[in-house]
Structure formats: structure tokens, C-alpha cells
Amino acid sequence: MISPLGFLAQMLQFAVALAAAPLLTGWVNQCRAWMQNRRAPSLLQPYRLLHKLFYKEPVAADSASLLFRATPYVVFGCMALACGIIPALSTDLPLAPAADAIALVGLFALARVFISLAAMDVGTAFGTLGARREMLIGFLAEPALLMTLFSASLISDSTSLVAIVHKIAHSQFQIYPSMAFAGVAFTIVSLAENARVPVDNPATHLELTMVHEALILEYSARHLALLEWAASLKLFAYSCIGLALFLPWGVAEINAPLAMLYALPVLAVKLAVGGFLLALIETVSAKMRIFRVPEFLAAAFLLAVIGLLVHRLLGA
Amino acid sequence: MLDLDRILTVIAIWVGIGIVALVAPRRTRFVAHGLFPISAAASVALIVAAVQGLWLPPQSVVLRLGLPGLPFHLRMDSLAAFFLAAIGATSAGTSIFSAGYLRKGEGTAPGLQCLQYHLFLAGMALVVLADDAYAFMVAWEVMALASYFLVIANHRVPAIRRAGYLYLLLAHVGAIAILLCFGVLQANTGDFTFANLRVQSLSPFWASVAFVLALIGFGAKAGIVPLHVWLPEAHPAAPSPASALMSGIMLKTAVYAMLRIAFDLLNQQLWWWGALLLGLGLLTALFGVVFTTVQTDMKRLLAFSSIEHVGLIFVGTGLAMMFRSYGMPALAALALTATLFHVAAHALFKSLLFLGTGTVLHATGERNLGKLGGLIRMMPWAAWLTLVGALAASGLPPLAGFVSEWLLLQTFLFTTDLPMSFLNMLVPLVAAAVALVAALSGYAMVKFFGVVFLGQPREEKLKRARDASWLERIGLAWLASGCVALGLFPVPVIDAIDRVTRMLVQYGLADTVDANGWLLLAPTSVQRASYSPLIFLLVVAATITFTALAVRILYHGRLRRAPPWDCGYPHQTARMQDTSEGFGQPIRQIFEPFFWMRRDLPSPFDARPRYRVVIEDRFWHWIYQPVQHAVERVARLAGRVQQGRISIYLMYSFVTLVVMLLLVGR
């Protein structure tokens, strides 16, 4: 059933995702600091932060229920699985058939619902505000992401992420017009979903604007560490989805296990470039009002749907 | 013993229980603890018999009841068996829940409610079994009337009487359409058995008339826009077990009847029927979910959510009909599988949610979301079991709602080469709308669960709320485990649905799905699409366990309690949380054209500022009020004739007589 090599690839992918996700966050922070003429924190700063948070004693609100305490683990588990099924290093992933593109979107939705419910659990003004805004962003971002993935699915005739990577990486080089629309839509969605600048600011606690920070306001110590780590994993997962859909070259194949040796550096380079571009977008754009966000995301949704229609029209 | 006989025995037991309850209608303990558990056991027997019946050839029986010369023809085939299994599974949960729920002093005497409840169940089972139009109409009316009396159980409240009246009115407008539909279907043969209806070949025009009449009749029962207005009124009015049954399975009997007529009785299909159903379903789903997010009454919220899910079910049915009319059985089977899976899933999670609101209602006496909150601490059982239902209703993996959503989206992706190019273009748009509906239902469910069970209690009295009783917990747990089982083991369920799709569209998914093993759900091949909820759950659960252990071993597991942080603001109260209005506000703003909204805003100088917003259904103003005014006007015209003086009436008779004589004499 499961080949030992496939098992190895799966474990390696989990390990790389868990280990490298904070590094990616650190890299984005560093790039952003450079571009904003600030002195950059060390690349390893996120790891130090995680270590410190795990070490501290968590404080939970008096009224917090079990749901509040369980949510960081649930969210972390969801994001870890998401990183495990996206073919970033190899397409020989034994877990990949367990969840296809639609299930991946469902996985992100599950994490979002849990974190929103946990934010409402303590019953503070900011928590419910964060939950409401998160669900507001989610209800448009989720279908937009789904439609982006559908554009790729129509090309590869499959919703399996592995098959999508196979098809796009191995067919004769071809420019798909639908993927251009999908690419723009995906960029917008990933900015919104990862709480990045035009939609949210990961570095602020300003009441009027925060979304993600408002959700995790009541968390501390190990719970917060898990949520921060999960946020890094989410950024990592979204980057890998983007790479799988739009730049799938260099991922190891089932019949070429040795390719994994160079898949890792290739992935590192691609992520570094991606992280730099993310920092660039964050630097040159300004945070928008929360009520502009639905329009922004609706544009992404419409672009993704237009991508699907273009695919149908051209029959390509 | 014939399988059908066993099912008829269950129905007889239900009716018997109802009659026995009349012996001592006011003995609550006897009715609740003595009778309802028997009824739940009968429901379990019904599930067993119906599931076996799926794999058996159709069985029929003729009951010599009712009018002389018009016996009841009953027949159980795979389609009927599937819906019977859904009725059994849902009613088992609601019956055992009712055993713990029934109380004195809530409207009608418990014994009478017990009779109505069981006649309702028997009516629904007979609707599904009926094999002639006469038996069907009798069962349909029993179901409608029994549920009407359940809705007005608390008939001293004028609003409830009004809701019941609206329900009865629409049920009967629908019943007339159904009656006419059967009239068209029998094509002047005078024989109303379904066997005869099946062999009639109608002209496309009359077939379309029959289809549209069926759509009106069953659409009114299912809550298809614009015939949905009774749903949000009747569901909050009824006692919770009754709303659970109405939402969970009564709406599904309309879906059953639609499938029966469109796929079984009408032997031809035109493509635009499917497109019409698809369009109406989509409109209903979108309308339902947008209204769900802005409700402030928890049972109304769930009623609108039912409208949404019925819309999705009709989208699937419409797709299946379209594919069948184009001779694409594989796609039709896929769409139909998604539809039937959603029928089963919705029956379970919606009844679970309604029963959950029932416990909340009994514990707090509040239906208003603005006065609830924080109940997870006082009522952990009810809260956690309801959470399962809420997650399933938002279509999240690995629960039941996600599987049907997944199958439906797969259907859209598999669709290629429809003969009409504009339909081909329409498919991605419909898929996008379905995805939007699914995401919005997540918003609505977070609001529902978060406002009712999480946060701080918004009223002082909520702190004394008591959790669900043992029998109630069993009922909730039964339905919750159904949601989980359906979500984790979709392959056996699809094997069962395969029997139905084979009967309706001569194609089933079981062979391809079984070829990939029970662990992996893959409608065609693993390369094309696959999903394994069990592996999904196991990996997430393993990661959670591993992380929790690792953190405790590497660091520590201490935890300290303190007042909430909330950015250091010390004076926070429960009133500062989002209310349900607040939580729905973004949606209200984005989807403003959907609503008919009236806002009273306070001026800055008000000493006692009041903020009031009333949201109403536009269809009410567009369709129902004009109809109401027209009826009133006609009635007033007719009223002029009635003068109330005997001499005038004598003159009418005289004039009529003269006119008749003139006509005859010529």
C-alpha cells in the first residue's frame, strides 16, 4: 500500500513544514524591515518567540470553557494536515488522497470556525468583533479560493492536488489564460487569509483595524505559541498552494525519489522569492477600511469565476 | 414476514401509541416516559426494515381501508425505503428526546400532543409508501393536519394561531396543486394508481403542466421561494420536537414526492424542468442563507437555514434532471447521490439543532438570541452536542454536511459537454453560488452557536439554566452520532443510495466507489478526486494528541485563571459583546437589496435613545400583500350581493329562475 519512500516523503514534508514555517515568517518580517528602513530582527526571532511562549505559564480567562483551551490544538492540527497534503516537496504523498482541493478548503474553514468560536467564548467586546470580522473575510475568501482551485482542476481534470501538479508541471509548457485570473484572485485571497496588510496588519493592536489579533487577544503562553505557529503554517501552506498551482516545477515525482534531494533547495528558493514579494506588497500598500474588504474580496471571487468562464469559453 | 409488513406494523404501533395516549391525556409521566420510548424503539425497527428494504425488489400491498372501491395501494421500492430510513433515524432521536422534553402546561394536553405527533409520523411514512394518488393525498393531508395541530399546540398565543393559519393556508394551496397534478397525470383514464400513471405517455405540454403543478404543490411544502413564507413562522411556533420533525423530515417528503413524480411517474423529461428547478433551488438557497445570518430568534434562524438547505437539495435534483434529460446517467447519478446524501445529512443535523434549541428554551425560557449567551458552562451536554450539529450544518469536514457539499461540487467539476453551450457556461456560475452559500452558512452557524452558547450570559437568570435531562441527552447524542457516522463513513451510505439512483436513473456509484475501498471516497477514480474523512480525522486527532503531549513533556502543563484581558479594559460587561444584530450587521450591509428594511435611529439629543431595525421579506410585499388585497377586494364585491334582507334573496331566486327558464325554454 504505502511505499516506504512515500512514507519518508510524507514525514519529510511534515518535518520541513513544521520546522521551516516560522523561518518563512521570520524571512518576511526581515524583508519588510529592510524595505521600511528599519533594523531587521534576526531570522530566528520567531523560534525564540515560540520557545519563550511555550515556557511561560498560560493565563486563561475565568469564564473560558474547554472549547477555548482546545482550539489552539485543533487549529494547529488542521494547519499541520494542510501542510502535509499539499505537494511541496514530492507528489508521492500517502496522505494526499485523503483530502483533495475541496477538502483542503474545508480544512481551512474548519480552523476558521474554531478560532472564531474560541474568540467568542470568553465574551469580550474585542473577541466577538474579531470573530465577526474573521467570518466576514472568510465567507468571501473561502469561495474565491475554491474557485481558484477549480480553475486548476478544470485544466487537470482532477481536484487532487497531486494530479494538478503533475498536469501543470509535465504537460508541454502552455499559458493558461484562466490561470492568470486565478493567479490574481489567489494573491488577494492569500493576503486576506493570512492577515496581511491591505486587509489586516499582523503588527498592530489598534482596536479599529485588527482582525486576527483580536481573535487571539485572550490567548497567552503555549496556547498563543500554538496559534502563532499555526499562523506561520498557514502562510507556509498558502505559499505552497500558490507554488503548486502556478510554479509547480521542481517537485519530486513518484518515480524519481532522488529528486527530493534537490526539491528542498528549489522549494527554499521559491519560498524566499515569494516571501520577498509578500513583504513588498505589504510595504507598498496601505491598510484598507474594514468595509472595503468585502469589495476587495468580492473582486477576487469574481476574477476567479471569470477565470472559470474563460476556461470554458476557450475550451482550453 | 414481508419487509413491508414489518414497516406497516411500525406504523400501526405509532398509531396505537397515539390512541393509548388518549386514555390518560393529562398524565405527563405516563405519556412521556411510558409511550415515547416505545415509539423510539419502533423507529429503530423502521430503520432496520427500511435499510433491508433498499436491497429487496419492490413489494406492494393493497389495504382495504377507506371508501369502498378505493383501496389504499402501498408499495415499497428503494426510493421509498431510503426516505423511510431517514424518517426512522430522525424520529428515533426526536422520540426519545420528547420522552424527556414533554411537560405539563405547555398548550395542548401531553396525550393529545402524543397522538398528533404519532399521526404525523404515520402520515409521513404513508406518504412515502403510497402507490396511488388517493392514498397519497389522504396521507399527505394527515401529515399536514397533524403538523398543523402540533404547530398550534400553544394556541393561546395569537401569534402562534396566526402562524398556524398561514401554514394551513399554504399547505392547502399546495395540496390543490398536487391534486391537479395527479389529475393531469392520469390522462383521463380515471385510474389513479401510480402503476397506471407510469404507463401514460403525456404530450410535452401536459407533462410540463403536471411538472409545474407538482413544483408548486411540493415547493410550497418544501419551502421553495416564493412559497417559503410559512416556514419561518411555523417552525418557531411549534414545540421543538415537532419543529425538528417538520424541518428534518416533513420537508423531505416534498423532495421525495418531487423525485417520485419527476423520475418515476413522468416518463419523459424536458431539459428546462431541470434548469427551472436548479434556478429556483439556487435562489432559495441564497435567499435562505442571507436571511439566516440576520435573524435574531434562534428557531427562526434555523427555519431559514432549512430553506437554504432545501434549496441546495433542489439544486442537486435540478442538475440530476437536466443530466437525465440529456442522457448522461453517470452525471445524473452523481448529482442524485449528492442530493440524497444531503437529504439524510440535513434530516439529522437540522433535527439535532432544533432539539438543541428546545433544551435551551426549556432551560431559559428564551428564544431571543439577544438574551442568551454563555450556556456552554451551564449546559455542557446540550452545547457540545449542538456544536456537532452546527459544524455539520456549516458543511465542515469531517462531518455529514461536507460529504454532500463535496459531491455536489464534484458534480459541477465533472460536468462537461452539455449540448447547450449557455448551460455549459452556467455551470461554473452555479458552482460559485453554491460555494458562496456554503461559506455563508458557516457564518450563520458561528453566529448561532457563538451567541447562544459562548460568551458571557446576557441575562442574570441564565446562570441558573439546567442542562438537558438524560433522555434528552440520549436523543441529542443519537442524532449527533448520526451526523458523525454519516460524515466518517460515506461509502456504505453511498452503497445504499446507489440502490435508489439505479432505480431512478439506471446508474449508480457503488461499483466505482467500492472499487476504491471503504476508506476512500472516490466517485470515479482516485486520480480524479478522492476524500477520506476517517484518515482526515485521524491525522488531525493524532497531531492534536501528539502536540498536547509534546508540549506537556518538553515544557509544562500549568494553567492559571484570571479575569479576561480584553486589551486591559477593566469595566467590561456582558452587554459589550456582539449581539446577534451586531454579528449579522456586515451581511445586512452587503446584501441590503435582499431585505425590506426599516430603521429607526435615535437622534443625538434623545434622552432615551432607541435603535430599532425591522427586517422583512421582500416577497411578502411583492406577492403576498397584493394577493391578500385582491382577495379582500373580491370578497368586498361579493359582499355587496349579500344584503341580509329576505326579500332581496327571494328576488335573486326569482331572477335565477327566470334566466334558467329562458335558457331551457329556447
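What counts, and at which threshold
- Residues numbered from 1 in each chain as written.
- Chains lettered and ligands numbered in written order.
- Predicted model: local features only at pLDDT ≥ 70, side-chain atom pairs only at ≥ 80, totals over all residues.
- Axes fitted to C-alpha atoms, helices over the stretch in contact; angles between N-to-C directions.
- Helix = DSSP H or I, 4+ residues; strand = E, 2+ residues; numbered from the N terminus.
- Parallel < 35°, antiparallel > 145°, perpendicular 65-115°, else oblique.
- Left-handed = near helix turned anticlockwise from the far one by under 90°.
- Contact = placed C-beta atoms within 7 Å.
- Nonpolar A, V, L, I, M, F, W, Y, C, P; charged D, E, K, R; others polar.
- Expected span 1.5 Å × (residues − 1).
- Buried ≥ 20, exposed ≤ 12 C-beta atoms within 10 Å, placed from the backbone.
- Pairing = 2+ DSSP bridges.

Chemist: Would you mind showing me how to read the packing of helix α11 (residues 293-314) of chain A against helix α17 (residues 421-453) of chain B here?
Modeler: What describes two packed helices is the angle between their axes and the distance between those same axes. In the contact formed by α11 of chain A and α17 of chain B, the axes pass within 9 Å of each other and the chain directions differ by 160°. The orientation of α11 of chain A relative to α17 of chain B falls into the category roughly antiparallel. The interaxial crossing formed by α11 of chain A with α17 of chain B has right-handed handedness. Facing α11 of chain A, whose interface residues are Val305, Leu308, Leu309 and Arg312 of chain A, α17 of chain B presents Asn424, Met425, Pro428, Leu429 and Ala432 of chain B. Looking at the contact of α11 of chain A with α17 of chain B, its residues break down into 7 nonpolar, 1 polar and 1 charged.

Chemist: What is the right way to look at the packing of helix α2 (residues 28-54) of chain B against helix α3 (residues 78-101) of chain B in this model?
Modeler: Residues and elements named next belong to chain B. Running from N to C, α2 and α3 cross one another at 160°; their axes reach a closest spacing of 7 Å. With respect to α3, the axis of α2 lies roughly antiparallel. Pair α2 / α3 crosses with left-handed handedness. For the contact of α2 with α3, the residue count by class is 19 nonpolar, 9 polar and no charged.

Chemist: Help me out: how do you make sense of helix α4 (residues 101-121) of chain A in this one?
Modeler: Structurally, the α-helix is built with 3.6 residues per turn, so residues lying three or four positions apart point the same way. Residues and elements named next belong to chain A. Across its 21 residues, α4 extends 30 Å between first and last C-alpha, which sits within 8% of the 30 Å expected from 1.5 Å per residue. For α4, the tally of buried residues reaches 21 of 21 residues, placing the bulk of the element in the interior. A positive backbone phi angle near 85° is found at glycine 123, which sits one or two residues after α4.

Chemist: I would appreciate a short explanation of the pairing of strand β2 (residues 72-76) of chain B in the present structure.
Modeler: The side chains of a regular strand alternate, residue by residue, between the two faces of the sheet. All names here are of chain B. Counting buried residues along β2, 4 of its 5 residues qualify, which places the element largely inside the surrounding structure. Of the pairings in the sheet, the one linking strand β1 (residues 59-63) to β2 comprises 5 bridges and is antiparallel in character. Considered in β2, the bridge of valine 62 is made with histidine 73.

Chemist: Explain the interface of chain A and chain B to me, please; I cannot follow it from the model alone.
Modeler: Contacts between the two partners involve 69 residues from chain A, matched on the other side by 66 residues from chain B. Contributions of two or more residues to the side of chain A that touches chain B are made by α2 (45-55), β1 (59-61), α3 (66-85), α4, α5 (125-156), α9 (221-246) and α11 of chain A. Looking at the side of chain A that touches chain B, the element that brings in the most residues is α5 of chain A, giving 16 residues. A per-class count over the side of chain A that touches chain B returns 44 nonpolar, 14 polar and 11 charged. When β1 of chain A meets strand β3 (residues 560-562) of chain B, the two strands line up parallel, connected through 3 bridges.

Chemist: Where do I start with α17 of chain B in this structure?
Modeler: Residues and elements named next belong to chain B. Counted at 1.5 Å a residue, the expected span for α17 with its 33 residues is 48 Å, and the 49 Å between its end C-alpha atoms agrees. Taken across its 33 residues, α17 has 25 buried, putting it largely inside the fold. Just past α17, the residue glycine 455 takes up positive phi, approximately 80°.

Chemist: Please explain unusual backbone geometry as it appears in this structure.
Modeler: With the exception of glycine, most residues fall at negative phi, and the peptide bonds are largely trans. All names here are of chain B. Of note, the bond from valine 225 into proline 226 is cis; its omega dihedral lies within 30 degrees of zero at 5°. Looking at the secondary structure, you find proline 226 in the loop between α8 (204-222) and α9 (231-237). With an omega of 0°, the peptide bond running from proline 397 to proline 398 counts as cis. Among the structural elements, proline 398 can be located in the loop between α15 (380-393) and α16 (400-414). In the Ramachandran plot, glutamine 506 falls in the positive-phi region, its phi being about 60° despite a non-glycine side chain. By the element assignment, glutamine 506 lies in the loop between α19 (490-505) and α20 (510-515).

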